[in-house]
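Chain by chain, the residues:
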Amino acid sequence: MNDHGYPNLVVFDHPLIKHKLSYLRESSTGHRAFRALMSQIAGLMVYEVTRSFATRPVRIETPMAGTTVHRLSCVVTVVPVLRAGLGMTAGVLDLMPEARVGHLGMARDEATLEPRAYLNKLPPDLDAGPVVLIDPMLATGGSAVAAIGMLREAGALDLRMVCLVASPEGVERMEAEAPGVTVYTAALDDRLDERGYILPGLGDAGDRLFGTG
Ligand code: PRP
Ligand code: URA
């Protein structure tokens, strides 16, 4: 999973994730299928992303006997970056229905590629447990680094990011400007083009998700 040389990066190497991502990338995939695929891939990634989450022992009765089982003991907060992160949220919540959801709104200026924050709606006690930032695209890394800054400002201590497609430029920027934050991605792509789009990528994730392209 980790032979790419980036210590802060986990790249998924699962046939089902690769299969679904292949359709997500294809330009002929319409927004209905795109939406379903994005959510499904995010759900499949949750298993690995949550591996270090704390559990606590609980005594229960099965129909046969008393036994000790283990349940998640942490308060999990999932934070999608609008708009495109919304496409991953349902898939993540399917696996972690108890999670709280905070929202960050971020739009990238097409000319400068700088992110502009337009929404910040987070629970007050972000330090209560792990915070999972979700955004399908890690391109220049500007949006992710700004989002991490807003989460830290709001008190988050235990942070990770889940994306679907990452560029080497974005991963390196995260390593430099958001140290300690592990990035989980379904794919590490080749590079950015001159407009800051990931190659080969999947195009504009928000537009493809919502049919606004
Ligand atoms: C996309 C994407 C990320 C950002 C990545 O959002 O969802 O948030 O671009 O680019 P970066 O790494 O260079 O910052 P966009 O700003 O297009 O907004 P949208 O999701 O509303 O379309
Ligand atoms: N945002 C996207 O939606 N796609 C990219 O390739 C880069 C940024």
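Everything numeric in this text was worked out from a predicted model, so none of it was measured.

Thresholds applied
Residues numbered from 1 in each chain as written. Chains lettered and ligands numbered in written order. Predicted model: local features only at pLDDT ≥ 70, side-chain atom pairs only at ≥ 80, totals over all residues. Heavy atoms only, no water. Near = heavy atom within 4 Å. Polar contact = N/O pair within 3.5 Å; in protein donor to acceptor, adjacent residues only side chain to side chain. Areas by Shrake-Rupley, 256 points an atom, 1.4 Å probe, with all protein chains shown as cover. Nonpolar A, V, L, I, M, F, W, Y, C, P; charged D, E, K, R; others polar. Salt bridge = Lys/Arg side-chain N within 4 Å of Asp/Glu carboxyl O. Helix = DSSP H or I, 4+ residues; strand = E, 2+ residues; numbered from the N terminus. Buried < 20%, exposed > 50% of the residue type's maximum accessible area, 1.4 Å probe, protein only.

Asks: Go over the site of ligand 2 with me, naming the residues and quoting the values.
Replies: Close to ligand 2 lie Arg-108, Met-137, Ala-139, Gly-196, Tyr-197, Ile-198, Gly-203, Asp-204 and Ala-205, which account for all nearby residues. At a separation of 2.8 Å, a nitrogen atom of ligand 2 approaches a polar backbone atom of Gly-203. Contact with the protein chains removes 88% of the 240 Å² of surface that ligand 2 exposes when unbound. Residue composition of the shell around ligand 2, grouped by class: 5 nonpolar, 2 polar and 2 charged.

Asks: Talk me through the pattern of salt bridges; I want residue IDs and the actual numbers.
Replies: For the structure on display, the rule yields 7 salt bridges. In this structure, the salt-bridge partner of Asp-189 is Arg-25, at a minimum N-O distance of 2.7 Å. Taken together, the residues Asp-189 in the loop between β11 (182-188) and β12 (191-192) and Arg-25 in helix α1 (residues 15-25) connect sequence positions 164 residues apart. Arg-25 gets classed as partly exposed once you look at its relative accessible area, which sits at 22%. The salt bridge partner of Arg-100 is Asp-125, with a shortest N-O separation of 2.7 Å. Residue Arg-100 is found in strand β5 (residues 100-101), and its partner Asp-125 is found in the loop between β7 (115-121) and β8 (131-134); the two are separated by 25 residues along the sequence.

All quantities given are derived from atomic positions and should not be read as evidence of function.
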